[in-house]
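Notes for the structure review
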Amino acid sequence: MNRIAPATPAADTDNRITLSLTLNGAPREGVVAPAARLSAALRDAFDCEEIKVGCDAGDCGACTVLLDGAPICACLMPAARAEGRVVETVKALAPSSGVPGKLQRAFQRHGAAQCGICTPGMLMAAEGLLRRVPHPTRPEVEEALSGVLCRCTGYSKIVSAVMDCGGADVTPPDGAVGARIERLDGLPKVLGTDLFGADGWPEGTLAVRLVRSPHHHAGFAFGDIAAWASAHPDLRAVLTAADIPGRNCHGVIPPFADQPVFAEDVARFKGEPVAAIIGPRDVVERLDLCHFPVTWEEQPAVLDIPSARAEGAPLLHEGRPGNLLTEGFVRRGAPEDALQQAAAVVEATFTTGFIEHAYIEPEAGYARRVGDRIEVWACTQAPHMDLEDLALIMDLPREAIRILPSSVGGGFGAKLDLSLQPYLALAAWVTGAPCGMVYSRRESMMTTTKRHPSQITARIGADAEGRLLGMTVAASFNTGAYASWGPTVANRVPVHASGPYFLPAYEARAAAIHSHCAPAGAFRGFGVPQGSIAQEALFDELADALGHDRLEFRIRNALETGQPTVTGQVFSQGVGIRACLEALRPAWAERRAAAAAFNAAQSAEGGALRRGVGVAGMWYGCGNTSLPNPSTIRVGIKADGTLVLHQGAMDIGQGANTVITQICAEALGLPVSAFTLVGADTDLTPDAGKTSASRQTFVSGAASLRAGAALRAQLLRRLNAGDDAQLQLAGSVISAGSAAFDLATLAGQENAFGYVLMAEETFDPPTSPLDENGQGEPYAAYGWGAHLAEIDVDIELGTIRVRDLVCAHDVGRAINPTLLEGQIEGGSAQGIGLALMEEFIPGRTENLHDYLIPTVGDVPRVDSILIEDPDAHGPFGAKGIGEQVLIPTAPAILNALRDATGAVVRDMPATPDKVLRALQSARR
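On a predicted model such as this, the values are computed, not experimentally measured, just so you know.

1. A short note on the state of the cysteines
- Within this structure, the stated rule accounts for 0 disulfides.
- Unpaired in terms of disulfides, C517 finds its nearest cysteine sulfur in C249, a separation of 20 Å.
- The thiol of C622 is unpaired, and the distance to the nearest cysteine sulfur, on C580, comes to 13 Å.
- Residue class for C622 comes out buried when judged on its relative accessible area of 2%.

2. Some details on the pattern of salt bridges
- This model, assessed by the stated rule, comprises 55 salt bridges.
- Across the pair E347 and R459 runs a salt bridge whose closest N-O atoms are separated by 3.8 Å. Of this pair, E347 sits in strand β14 (residues 344-352) while R459 sits in strand β19 (residues 454-462), placing them 112 residues apart in sequence.
- In this structure, R402 and E375 form a salt bridge, with 3.5 Å as the shortest nitrogen-oxygen distance. Linking R402 in strand β17 (residues 401-405) with E375 in strand β16 (residues 373-378), this pair joins segments that are 27 residues apart in sequence.

3. Remarks on the packing of helix α21 (residues 817-836) against helix α22 (residues 889-901)
- Viewed as axis vectors pointing N to C, α21 and α22 meet at an angle of 50 degrees, and their least axial separation amounts to 7 Å. The orientation of α21 with respect to α22, classified from their angle, is oblique. Regarding α21 and α22, the two cross each other, and that crossing is right-handed. On the side of α21, the interface is formed by S828, G831, I832, L834, A835 and L836, while α22 contributes T889, A890 and I893.
- Residues of the contact of α21 with α22, tallied by class, amount to 6 nonpolar, 3 polar and no charged.

4. Things to note about the sheet that holds strand β21 (residues 505-514)
- Overall, mixed pairing links the 5 strands, which are arranged β13-β21-β20-β19-β14 in an open sheet. Looking at which strands have only one partner, the edges of the open sheet turn out to be β13 (324-332) and β14. In this sheet, adjacent strand axes meet at a mean angle of 5 degrees when their direction is disregarded.
- Pairing of β13 with β21, which is carried by 8 bridges, proceeds in the antiparallel orientation. Bridge assignment links E327 to a residue of β21, and that residue is A511.
- Contacts from helix α15 (residues 528-546) reach β14, β19 and β20 (468-480), with the element oriented near 150 degrees to β14.

5. Comments concerning the packing of aromatic side chains
- Scanning the entire structure with this criterion turns up 17 aromatic pairs.
- Geometrically, the ring pair formed by F222 and F292 is edge-to-face, given 6.3 Å between the ring centres and 90 degrees between the ring planes. Placement of F222 in strand β8 (residues 218-222) and of F292 in the loop between α8 (281-286) and β12 (294-298) is noted, with a sequence separation of 70 residues between them.
- Classification of F222 by relative accessible area gives partly exposed; the value is 32%.
- Given the relative accessible area of 3%, F292 is considered buried.
- With a centroid separation of 5.6 Å and 85 degrees between ring planes, the pair formed by F539 and F553 is classed as edge-to-face. Of this pair, F539 sits in helix α15 while F553 sits in helix α16 (residues 550-557), and the two are 14 residues apart along the sequence.
- Judged by relative accessible area, F539 falls into the buried class, the value being 0%.
- Residue classification places F553 among the buried residues on the basis of a relative accessible area of 2%.
- By the ring-pair criterion, three or more aromatic residues cluster together here, those being F220, F222, W228, F292 and W296.
- A cation over an aromatic ring shows up here: R369 above the ring of W429, its NZ or CZ 3.6 Å from the ring centre.

The rules behind these values
- Residues numbered from 1 in each chain as written.
- Predicted model: local features only at pLDDT ≥ 70, side-chain atom pairs only at ≥ 80, totals over all residues.
- Heavy atoms only, no water.
- Disulfide = S-S within 2.5 Å.
- Buried < 20%, exposed > 50% of the residue type's maximum accessible area, 1.4 Å probe, protein only.
- Salt bridge = Lys/Arg side-chain N within 4 Å of Asp/Glu carboxyl O.
- Helix = DSSP H or I, 4+ residues; strand = E, 2+ residues; numbered from the N terminus.
- Axes fitted to C-alpha atoms, helices over the stretch in contact; angles between N-to-C directions.
- Parallel < 35°, antiparallel > 145°, perpendicular 65-115°, else oblique.
- Left-handed = near helix turned anticlockwise from the far one by under 90°.
- Contact = heavy atoms within 4.5 Å.
- Nonpolar A, V, L, I, M, F, W, Y, C, P; charged D, E, K, R; others polar.
- Pairing = 2+ DSSP bridges.
- Phe/Tyr/Trp six-rings, centres within 6.5 Å; stacked < 30°, edge-to-face > 60°.
- Lys NZ or Arg CZ within 6 Å of the ring centre and 35° of its normal.

So this is what it looks like as structure tokens:
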């Protein structure tokens, strides 16, 4: 370790200016560097942490403020240009502290803020419009918001909120299960007071900056780091792998853990860290790391599956020949024999590339040493998993580490893996000072996990009556340099690649292959969206070959209760796929007829547009595949009547804080408003498991139900009341009818958590391991759904516009319909990106300008249909929804393209150049 004694920071005030402006109605002054971005100056010198920074390039719009009444991206303006001008942030919209204004109330009322990181920027862009046009049209709202990106909501509820700004502000309901209550954590999001990873740092926090590999694959050696450090006396420490107290390795699946905190001798992907530099922020940010004493020897790199599997390809890890990480396999019956008996067989290969999560909040956080403990404040989806890995890295007992998750500005799977947490913990431990880091947008996109690129070949056959007979699937996934969630993808895809249909004969193999790319990890679906593209596209071709209607073909083959899945699992309840598909029948018939008429008119007039309608189904297992998946929830009541829910399931925008509280309230029999919520904190909340795999409503919700019911039973015993009694809580008195009990009488009998009565319950979904043929019960429940997409294709330009989406999902029980609709709309938007525009190319698309995600103009309004076929294990019958909503969108769009033009695109995304080539092939 190269630790440097603290020094007096070098003077850096000569070029600073005093900036005077009017900020949110009050004159303010701050000392800033004149060339500093206005966004940074407002955050640092004026304490405006409500301004969020997502890109520093004007691409995301999260930093939008009003300058003299007009919306601007604050990251694009030098601070000095704001001299003497009027700047307004989201705080200007609130009539008083903590009281939302009309537009903020509309956002809360409509559920327009999910993770909340883009919300301040959205609000200010909308405010700029409403001052000019008090009653805008929908196109005017969409145009005004077009410069602000949202990765969560799908924009629909945001647009509706802006248009309803002057609407009646009704008192939100205080119901439990089934009620459209407002998001419990929503008010700070619309007020701009929510604290994300880059917010709320202690005074004097040191900066941490990483030295990263400039090559995809390179050997390296350090020079004289101590001499280099001595030339920068303001620095506090330089850390490398030699400074790690414990294990220089981490991974989300312990048996496959293989990723070093700092690379040693060889870097396996571009951007892999080899050293960390710690010091005062202004000093660290000014360093030119080109002069850091490290020499690189670039080596041959394999970046795709064929290269990684080629004979003689460089191996990334010993003991993994052929760069094979792992394989998954499911076999049922004799598919080859069944295909020989089929009246029609279709076969094709489909490919997809890396997909970037593109959450608007880059990774951010800080850590501090508190005695012999380390506390880490950072954006994460899995606080207890972070704790377990950090304990090994830091060589500390678990109780010496505390994870305090910040609010998370989008995750979608990538914030399951460790990113900056080990560097923060090491830096704070070594220096004794709080240490913070915010990834640049380039760092975030270059180094964090991606959706796995895939190569999938499928073959499917059916009889003349349209009954599926057999299917084979061979899939390979590029898992990048390290394992991450590669084993999960390899094992989940063979289970799901059949789609939600009855297949008597089936075989699927999936392999995760290493390459010299950033690790591919979890991204909303764990490989199932890639498999669904192949399977659902071939279903359309198979239905056409047999002369069957494409929707009816799916309905005929939809799984029913009592039928075995491809793993042999038989459900006696909760199989809602047929109902989802049948719910699309009216829209299917209407849209198909309208499209045919439109296309006839366009052809007659020589028009360039063609309209198509596509459909796709999906299923998705809730929770881990054939593995323990427990969640624990605690609820307690104090002697003064304070009711507290310890809810450790990370809410990354999907609504876990609200939904899990609603479930507990229903089970306990008291209103949601009676609860005080303690969010995820490894010191204060039990382990609710990671937020992934559509498990929180289903698993943590079930634990919450059990905890609420157990506390209710204790209260009923105190009251000597029956099971159907209606509870009321007034101050410290709990009552049911004429029976009452004063909790204050239990004062002095508090347990270790400070409660006089408490319940803590765990739920672990029942599953069984898969045998050598992949037979078993991998999930206790599946979510089911089907999407219909209507699109217009410009046959001259190759462009596709999604006109409408109709999305039917079996949610088991709609705990909160507003939040469910938000998930469907947001997931569908990501599905549009997967289908039409998104592909991350290592080394080339490391920003939100070159990497495109859907804007408000790309996403149509979504008609959400909620099907409720209860699951016996879920809380009040509820199933997961978070990942399901993305899966059928892309295949529905691709099927609509084929419906409109006959063009078939099998290499995602369907960009205009690929569409034009497919159109040419279709005309031959």
